[in-house]
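Here is how the chains run, residue by residue.
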Amino acid sequence: MPGLLRGIARTAVVAGTATAVSNRVSRRQAGRWAEQDYEQQPPAAQPPPTPPAAPPAADDMSARIEQLKQLGDLKAQGVLTEEEFAEQKRRLLG
(Lines give C-alpha, C1' and ligand atoms only; values in the text may rest on other atoms or scores of the structure.)
Protein backbone atom coordinates (compact mmCIF):
# COMPACT_ATOMS: atom_id res chain seq x y z
CA MET A 1 0.00 0.00 0.00
CA PRO A 2 2.73 2.62 0.78
CA GLY A 3 4.35 1.90 -2.62
CA LEU A 4 1.04 2.53 -4.37
CA LEU A 5 0.51 5.88 -2.61
CA ARG A 6 4.07 6.91 -3.38
CA GLY A 7 3.53 6.13 -7.08
CA ILE A 8 0.28 8.08 -7.16
CA ALA A 9 1.90 11.04 -5.41
CA ARG A 10 4.85 11.01 -7.81
CA THR A 11 2.49 10.93 -10.81
CA ALA A 12 0.51 13.85 -9.39
CA VAL A 13 3.68 15.92 -8.89
CA VAL A 14 4.93 15.17 -12.40
CA ALA A 15 1.55 16.00 -13.95
CA GLY A 16 1.26 19.24 -11.96
CA THR A 17 4.76 20.32 -12.93
CA ALA A 18 4.13 19.53 -16.60
CA THR A 19 0.90 21.54 -16.54
CA ALA A 20 2.58 24.54 -14.91
CA VAL A 21 5.45 24.51 -17.41
CA SER A 22 3.06 24.13 -20.35
CA ASN A 23 0.94 27.07 -19.16
CA ARG A 24 4.00 29.26 -18.72
CA VAL A 25 5.28 28.44 -22.21
CA SER A 26 1.85 29.19 -23.69
CA ARG A 27 1.65 32.57 -21.93
CA ARG A 28 5.16 33.50 -23.01
CA GLN A 29 4.47 32.55 -26.64
CA ALA A 30 1.17 34.49 -26.64
CA GLY A 31 3.05 37.53 -25.34
CA ARG A 32 5.62 37.26 -28.11
CA TRP A 33 2.90 36.97 -30.77
CA ALA A 34 1.08 40.00 -29.35
CA GLU A 35 4.33 41.97 -29.40
CA GLN A 36 4.96 41.02 -33.03
CA ASP A 37 1.41 41.99 -33.99
CA TYR A 38 1.84 45.35 -32.25
CA GLU A 39 5.11 46.05 -34.11
CA GLN A 40 3.57 45.15 -37.50
CA GLN A 41 0.51 47.39 -37.15
CA PRO A 42 0.64 50.68 -39.05
CA PRO A 43 0.64 53.81 -36.90
CA ALA A 44 -2.78 55.06 -35.89
CA ALA A 45 -4.26 57.67 -38.19
CA GLN A 46 -4.55 61.18 -36.86
CA PRO A 47 -8.17 62.16 -36.21
CA PRO A 48 -9.39 64.72 -38.72
CA PRO A 49 -9.57 68.30 -37.53
CA THR A 50 -12.92 69.49 -36.28
CA PRO A 51 -14.72 71.20 -39.13
CA PRO A 52 -15.26 74.89 -38.46
CA ALA A 53 -18.75 75.94 -37.53
CA ALA A 54 -20.63 77.41 -40.48
CA PRO A 55 -21.37 81.11 -40.14
CA PRO A 56 -25.06 81.95 -39.90
CA ALA A 57 -26.22 82.98 -43.34
CA ALA A 58 -29.02 82.35 -45.82
CA ASP A 59 -27.20 79.32 -47.23
CA ASP A 60 -26.44 77.97 -43.75
CA MET A 61 -28.45 74.81 -44.38
CA SER A 62 -26.65 74.05 -47.65
CA ALA A 63 -23.29 74.50 -45.91
CA ARG A 64 -24.36 72.10 -43.16
CA ILE A 65 -25.53 69.56 -45.71
CA GLU A 66 -22.18 69.81 -47.51
CA GLN A 67 -20.30 69.28 -44.24
CA LEU A 68 -22.50 66.30 -43.42
CA LYS A 69 -21.69 64.82 -46.83
CA GLN A 70 -17.98 65.31 -46.18
CA LEU A 71 -18.30 63.65 -42.77
CA GLY A 72 -20.20 60.77 -44.38
CA ASP A 73 -17.45 60.32 -46.96
CA LEU A 74 -14.79 60.27 -44.23
CA LYS A 75 -16.79 57.67 -42.33
CA ALA A 76 -17.24 55.56 -45.48
CA GLN A 77 -13.47 55.69 -46.09
CA GLY A 78 -12.84 54.46 -42.56
CA VAL A 79 -11.17 57.68 -41.42
CA LEU A 80 -13.92 58.36 -38.86
CA THR A 81 -15.36 55.79 -36.50
CA GLU A 82 -19.09 55.60 -35.83
CA GLU A 83 -18.61 57.45 -32.51
CA GLU A 84 -16.50 60.21 -34.07
CA PHE A 85 -19.04 60.63 -36.87
CA ALA A 86 -21.91 60.87 -34.39
CA GLU A 87 -20.02 63.46 -32.30
CA GLN A 88 -19.21 65.63 -35.33
CA LYS A 89 -22.77 65.37 -36.58
CA ARG A 90 -24.08 66.37 -33.15
CA ARG A 91 -21.79 69.42 -33.10
CA LEU A 92 -22.78 70.40 -36.59
CA LEU A 93 -26.51 70.08 -36.03
CA GLY A 94 -26.54 70.92 -32.32
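So, here's what we can say about the structure.

The rules behind each value
Residues numbered from 1 in each chain as written. Predicted model: local features only at pLDDT ≥ 70, side-chain atom pairs only at ≥ 80, totals over all residues. Heavy atoms only, no water. Helix = DSSP H or I, 4+ residues; strand = E, 2+ residues; numbered from the N terminus. Buried < 20%, exposed > 50% of the residue type's maximum accessible area, 1.4 Å probe, protein only. Areas by Shrake-Rupley, 256 points an atom, 1.4 Å probe, with all protein chains shown as cover. Salt bridge = Lys/Arg side-chain N within 4 Å of Asp/Glu carboxyl O. Phe/Tyr/Trp six-rings, centres within 6.5 Å; stacked < 30°, edge-to-face > 60°. Lys NZ or Arg CZ within 6 Å of the ring centre and 35° of its normal. Axes fitted to C-alpha atoms, helices over the stretch in contact; angles between N-to-C directions. Parallel < 35°, antiparallel > 145°, perpendicular 65-115°, else oblique. Contact = heavy atoms within 4.5 Å. Nonpolar A, V, L, I, M, F, W, Y, C, P; charged D, E, K, R; others polar.

Bringing the overall build of the chain into the picture now. When its secondary structure is counted, the chain shows 3 helices and 0 strands. Starting at the N terminus, the α and β elements of the chain follow one another as α-α-α. Here the chain holds 94 residues, and 7% of them are scored as buried. Carbon and sulfur atoms make up 59% of the accessible area of the chain, which totals about 8000 Å².

Within this structure, the stated rule accounts for 4 salt bridges. Salt-bridge contacts for aspartate 60 lead to arginine 64; the nearest nitrogen and oxygen are separated by 3.5 Å. Here arginine 64 and aspartate 60 lie together in helix α2 (residues 60-77), a separation of 4 residues that amounts to about one turn. On the basis of relative accessible area, aspartate 60 is assigned to the buried category, the value being 16%. Given a relative accessible area of 26%, arginine 64 falls into the partly exposed group. The closest approach of N and O atoms between glutamate 87 and arginine 90, which form a salt bridge, is 2.6 Å.

This part covers the packing of aromatic side chains. One pass over the full model with this rule turns up 0 aromatic pairs. Above the plane of the ring of phenylalanine 85 lies lysine 75, whose end atom (NZ or CZ) is 5.0 Å from the centre.

Moving on to the packing of α2 against helix α3 (residues 82-93). At a minimum axis distance of 10 Å, the contact between α2 and α3 shows a crossing angle of 175 degrees. Classified by the angle their axes make, α2 and α3 are roughly antiparallel. Together, Arg64, Gln67, Leu68, Leu71, Gly72 and Lys75 of α2 and Glu82, Phe85, Gln88, Lys89, Leu92 and Leu93 of α3 make up the contact between the two elements. In the contact of α2 with α3, the residues fall into 5 nonpolar, 3 polar and 4 charged.

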